[in-house]
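Remarks on the overall topology
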Amino acid sequence: MATGQNRHDHCCVPACRNDSRYDSGRNLSFHSFPGDPVGRRQWVHAIRRDVGRNFTINSSTKVCSAHFGASDVRTTLAGKRVIAKGSVPCIFSWTKDSSSRKPPKLRSSSAAVEAESDEVHESDSNMEVNTSTSTADLDHDYGEGPSYSIEEKLAAAIQHIDELEVENKQLRSLRFNVQRFSADPDTLRFYTGFQSYNLLYATYKSLEPTANSMITWAQMQRGASAESMRNITKHEGRCCIDQFFLFLCYCKCGLFEKDLSIRFNVSVPTVSRIIITWANYLYHILGSLPIWPTRAQVNEHMPECFTPVPDPVISVCQ
C-alpha cells in the first residue's frame, strides 16, 4: 500500500537512504512487494536481499520509485502513482554506469544556447509533474481491477438497471394489498369476506365518489377547514382501495393494529386512524340504505307454505 499522511516509509534497498519524512517535494512514492510469489521472488533477487532473520517482508516493507524505470511508474487519472504489472526494480547504486562520458561535440554558440534552453524547459516540466503527483494509495495497477471501455461500462450499467427493475417488480408483487390477491378468490374471501375481486371492486367503486373526499379522523380532531379535508390518500399514505382493504381485514379477521401496521408497512397510529375513519364513513353511508323490505315485498316473495291466512273472525256469544 502507499504511504499515508501519518505514516513514514523508507526504502529497504541496500545503500538507499530515501525516506518519506525527508521527501518534502513528494517526488518519490513507496511501493509494497507484489502479492504473487513469482513477482515477490523477482523483487527480492533484484534488490540483493535474502528473506530470513534479518529481513522479513510485510506491509511496511517498501521499495521507492527511484529504483524503477520511467516506463515502470505511471500516474493514474486520480493522481496516484502505481507500478506497472510485471515491473521489477532495476536501478541501483551497483548498476549505474560509471564509464566516462563522451566529450561533447563542437557546436555553434546559437545552437548551444537553444540546446541549453530546451534542457531548462524539460527540467522545469519534469519538476512540475513530480511535484503535482502524490504518493499512491495502490502500489500496482493490477490492484485497481480490470479497466473497461465506455461501451462495456454502459452495457454493464444497463444490465444492472434491468436487474433492479426485475427485483423492484418482485418486491411490489409481494406487497400486502388488494391487488396481490385479485387472482386468488379463496385468500381474498378469507381476508375480506367477499366472494371475488370483481364483487369487492364493484362495492368500492360505488363508494369511491364520496370516499375520496371523506373527512379523516385526524382532520376531525384538528378541526381543519372544508377545503383542506380533501383527498384522504394524502393524509394516510395509502391509496383509498387499500385503506378499504385494511378495514375489511380488521373486521373479517380481527387482526391487531400492530399486525396490520406490519403487513401494510405503516405506523400503528395510521392504522388506528384509518379504521376509525372508515367505520364512521361506512356507518353514515350504509346506515341510510333500506335493509328491511316493505310488507308488500315480503308478501310477494314469500314461499307458498308461508302464505298468510286471513285474519280470524272472533265472535262473542252472549
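Our subject is the structure listed above.
Everything numeric in this text was worked out from a predicted model, so none of it was measured. (Residues numbered from 1 in each chain as written. Predicted model: local features only at pLDDT ≥ 70, side-chain atom pairs only at ≥ 80, totals over all residues. Heavy atoms only, no water.)

To continue, consider the pattern of salt bridges. Evaluated as defined, the whole model comprises four salt bridges. Of the charged contacts in the structure, one is a salt bridge between D19 and R21, with a shortest N-O distance of 3.1 Å. The class of D19 is buried, set by a relative accessible area of 9%. Residues R263 and D259 are paired through a salt bridge, measuring 2.8 Å at the closest nitrogen-oxygen approach. Of this pair, R263 and D259 both sit in helix α9 (residues 257-264), separated by four residues, roughly a single helical turn. Residue classification places R263 among the partly exposed residues on the basis of a relative accessible area of 28%. (Salt bridge = Lys/Arg side-chain N within 4 Å of Asp/Glu carboxyl O. Buried < 20%, exposed > 50% of the residue type's maximum accessible area, 1.4 Å probe, protein only. Helix = DSSP H or I, 4+ residues; strand = E, 2+ residues; numbered from the N terminus.)

Our focus in this paragraph is the environment of T61. Checked against the element boundaries, T61 lands in the loop between α1 (37-46) and β2 (62-64). Residue classification places T61 among the buried residues on the basis of a relative accessible area of 8%. In the structure, T61 is positioned 31 residues away from F30 in sequence and 9.1 Å away in space, judged by C-alpha atoms. Once you skip the residues sitting within four places of it in the chain, T61 turns out to touch C12, H31, S32, F33, F55 and T56. Separated by 3.2 Å, the side chain of T61 and the backbone oxygen of T56 make a polar contact. Side-chain polar atoms of T61 contact the backbone nitrogen of N58, separated by 3.1 Å. (Contact = heavy atoms within 4.5 Å. Polar contact = N/O pair within 3.5 Å; in protein donor to acceptor, adjacent residues only side chain to side chain.)

Turning to unusual backbone geometry, a few remarks are in order. In this model, A15 sits at a positive phi of 70°, which is unusual for a non-glycine residue. Relative to the assigned elements, A15 resides in the segment before β1 (30-32).

This part is about the packing of aromatic side chains. Applying the stated criterion across every chain, the model contains 15 aromatic pairs. Consider the rings of F176 and Y191, whose centres lie 5.3 Å apart with planes at 85°: the pair is edge-to-face. Of this pair, F176 sits in the loop between α3 (150-173) and α4 (185-192) while Y191 sits in helix α4, placing them 15 residues apart in sequence. Of the residues examined, F176 reaches a relative accessible area of 8% and is grouped as buried. One aromatic cluster is present, built from ring pairs that chain together F176, F181, F190, Y191, F245 and F264. Lying over the aromatic face of F176, R263 brings its terminal NZ or CZ to 5.2 Å of the ring centre. (Phe/Tyr/Trp six-rings, centres within 6.5 Å; stacked < 30°, edge-to-face > 60°. Lys NZ or Arg CZ within 6 Å of the ring centre and 35° of its normal.)

A few words on the nonpolar core. What tends to happen in soluble globular proteins is that the nonpolar side chains get buried as a cluster. Ranked by internal contacts, the top residues of the largest apolar core, which has 30 residues, are F245, L260 and W278. Contributing elements (two or more residues each) for this core: α4, α5 (197-211), α8 (240-253), α9 and α10 (268-287). In terms of residue count, the dominant contributor to this core is α8 (eight residues). Those residues in contact with F245 that lie beyond four places of it in its chain are F176, N177, V178, F181, L188, Y191, T192 and F264. Counting 18 residues, the second-largest nonpolar core is a separate cluster that includes F30, I47, C64 and I83. (Core = buried A, V, L, I, M, F, W, Y, C linked by side-chain atoms within 4.5 Å.)

Turning our attention to the packing of α5 against α8. Where α5 contacts α8, the two axes come as close as 10 Å, and the packing angle between them is 120°. Crossing geometry of α5 relative to α8 is assigned as right-handed. Touching L200, Y201, T203, Y204, L207 and A211 of α5 are C240, I241, F244 and L248, all from α8. Its residues assigned to classes, the contact of α5 with α8 shows nine nonpolar, one polar and no charged. (Axes fitted to C-alpha atoms, helices over the stretch in contact; angles between N-to-C directions. Left-handed = near helix turned anticlockwise from the far one by under 90°. Nonpolar A, V, L, I, M, F, W, Y, C, P; charged D, E, K, R; others polar.)

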